[in-house]
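Observations on chain architecture
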Amino acid sequence: MKPAPFDYLRAMTTQDALDALAETGEDARVLAGGQSLMAVLNMRLAQPRLLIDISRTEELNTVRVDNEAGYLVVGAAATQGSVEWREWLVNETPLLMMAFPYISHFQIRNRGTVCGSIAHADPSAELPLVLTALGGEVVLRSKKKKRVLAAADFFQGMLMTARAPDELVEAVRFPLKKPGERYGFTEFSARHGDFAMVACAAVVTPDSISLAVGGVADRPVVERWPYLKGDDLRGALNDLSWKLGAQDDAHISAKYRRHLVRQLGWRVIEEAK
Amino acid sequence: MSKASSNTMRQGETQRVALTLNGRARSGLCETRDLLSDFIRHELGATGTHVGCEHGVCGACTVHIDGVAARSCLMLAVQVHGRRVDTVEGLAPDQTLGDLQQAFQRHHALQCGFCTAGILMSCADYLQRVPDPTEEQVREMLSGHLCRCTGYTPIVAAVLDVAARRKQRNESPEAVHA
């Protein structure tokens, strides 16, 4: 055993999980796939008093297309693998399909959840980036109420979100593919499957470009432009690379990060065009 | 199990976890914070599963949970109550190596063998889903494992070989009838 001691609740219903969250609040952590949380517990970077295991909460283990609202809705206990291996994901949310191979490894995606990655809010993670790029939504539920936040309002900083201590990320909603939209995704990391140094996702329509960048600022950032080309696009990418406030770290310099934003940004936009 | 009610377990308390390990009903005692990897080795005595980094990077401890490959160091023992767990021991049920293991032997796809149990479990799951993978797909799947002996090349060869042999075996009856 490596984690510090904790109480454990296997929640078989959403209500049981919400009751426990209402009672324990900040001292509780929700365990879904555990592919980030278990590592954090093993290193004792977190020492919660209560672990609320929702991995077997069947009503949260759902992935469905809501054609009326135009969303792919992924429940809190649904694994990344259960979305990645959907037969028609390429028609539903192509950008998600492009991003999955970059998310860690097959063995991790088998168990890691989509909502867990969103709730963890690592600034270099792919799923928060895709959700932000598409303008998706996060469904938060507490014992008292349910609220829905736009991705841009949900992510508030490095590993920080708008989730209150008694709330559960019950589901996330990825907008379905829209006619005329084209997509691009790429990232740069030391090795395939490692954390991205810079990750870029583009959504291009005949008259607009939006580019989402992860791994640079403290959260995914989206920039929207008209359908720019050539030097105008290069100039816009350069402005964006400075605006993101890249910093030096142990791996790469701020200058190199800006370079990656310009190059990868160009590449995904051209790929999407 | 689906009708089971929620279950709370206090820290320090031990509880019996019952599971199916490689097709046999087994049970053992654990605390809330016992990792599945340690539980399999220490409590159930199945030491084929190896423990490397203990935070999900190296892949040595990969097992199947209800048929799906996952890191046992990133799961708690209590989480597998009532579930099916398969480990490398299950690949050679009668002390005879399975076809995947034989391919590893033929291609010298291991040297020290520490990482091998996890790699075999990943390959077993992956080949069920993608029976005829490309070299690129095999390398992508293996990216979730660290091996410091082989340089991966013989592992890739072994996986492609076993996929080809399985394909040939599945197709040969048709060829005879044709």
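These numbers were taken from a predicted model, which means no experiment stands behind them.

**Considering the pairing of strand β3 (residues 50–53) of chain A**
Residue and element names in this part refer to chain A. A two-sided burial pattern is seen for β3, the buried positions comprising Leu50 and Ile52 on one face and Leu51 and Asp53 on the other. As paired elements, strand β1 (residues 7–10) and β3 share four bridges and run parallel to each other. Looking at the pairing, Tyr8 lines up with Leu51 of β3. Bridge analysis of strand β2 (residues 28–31) against β3 gives four bridges, and the strand direction is parallel. Residue pairing for β3: Val30 is matched across the bridge by Ile52. The parallel pair β2 and β3 is bridged by helix α2 (residues 37–42), and the resulting crossover is right-handed.

**Some words on the environment of A:Asn238**
Here A:Asn238 is to be found in helix α10 (residues 230–243). Here the alpha-carbon distance between A:Asn238 and A:Val63, two residues 175 residues apart in the chain, equals 38 Å.

**Quick look at the packing of α10(A) against helix α11 (residues 254–272) of chain A**
Between two packed helices, both the angle of their axes relative to each other and the distance between the axes serve to describe the pair. Residues and elements named next belong to chain A. Running from N to C, α10 and α11 point in directions that differ by 140°, and their axes come no closer than 9 Å. Comparing the axis directions of α10 and α11 gives the class oblique. Crossing of α10 against α11: the hand is right-handed. Note on element contacts: α11 touches α10 through Arg258, Val261, Arg262, Gly265, Trp266 and Ile269, opposite Leu233, Leu237, Asn238, Leu240, Ser241 and Trp242. Grouping the constituent residues of the contact of α10 with α11 by class yields seven nonpolar, three polar and two charged.

**Overview of the domain arrangement of chain B**
Residue and element names in this part refer to chain B. In terms of domains, chain B is made up of domain 1 (15–91) and domain 2 (99–173). Taken over C-alpha atoms, the centre of domain 1 sits 22 Å from the centre of domain 2. Contacts between the two partners involve 14 residues from domain 1, matched on the other side by 15 residues from domain 2. Those elements that place two or more of their residues in the side of domain 1 that touches domain 2 are β4 (62–65) and β5 (68–71). Of all the elements, β4 adds the most residues to the side of domain 1 that touches domain 2, at three residues. Looking at the side of domain 1 that touches domain 2, its residues break down into eight nonpolar, six polar and no charged.

**Notes on the interface of chain B and chain A**
Chain B puts 35 residues into the contact, and the matching count from chain A is 31 residues. Those elements giving two or more residues to the side of chain B that touches chain A turn out to be β1 (7–9), β5, α3 (116–129) and α4 (135–142) of chain B. Here the element with the most residues in the side of chain B that touches chain A is β5(B); it accounts for four residues. A per-class count over the side of chain B that touches chain A returns eleven nonpolar, 16 polar and eight charged. Bridge count for β1(A) against β1(B) is three bridges, and the pairing is antiparallel. Paired with A:Leu9 across the strands is B:Thr8, a residue of β1(B).

What counts and what doesn't
- Residues numbered from 1 in each chain as written.
- Chains lettered and ligands numbered in written order.
- Predicted model: local features only at pLDDT ≥ 70, side-chain atom pairs only at ≥ 80, totals over all residues.
- Buried ≥ 20, exposed ≤ 12 C-beta atoms within 10 Å, placed from the backbone.
- Helix = DSSP H or I, 4+ residues; strand = E, 2+ residues; numbered from the N terminus.
- Pairing = 2+ DSSP bridges.
- Right-handed = clockwise from strand over helix to strand, strands pointing away.
- Axes fitted to C-alpha atoms, helices over the stretch in contact; angles between N-to-C directions.
- Parallel < 35°, antiparallel > 145°, perpendicular 65-115°, else oblique.
- Left-handed = near helix turned anticlockwise from the far one by under 90°.
- Contact = placed C-beta atoms within 7 Å.
- Nonpolar A, V, L, I, M, F, W, Y, C, P; charged D, E, K, R; others polar.
- Domains from an automatic or database assignment.

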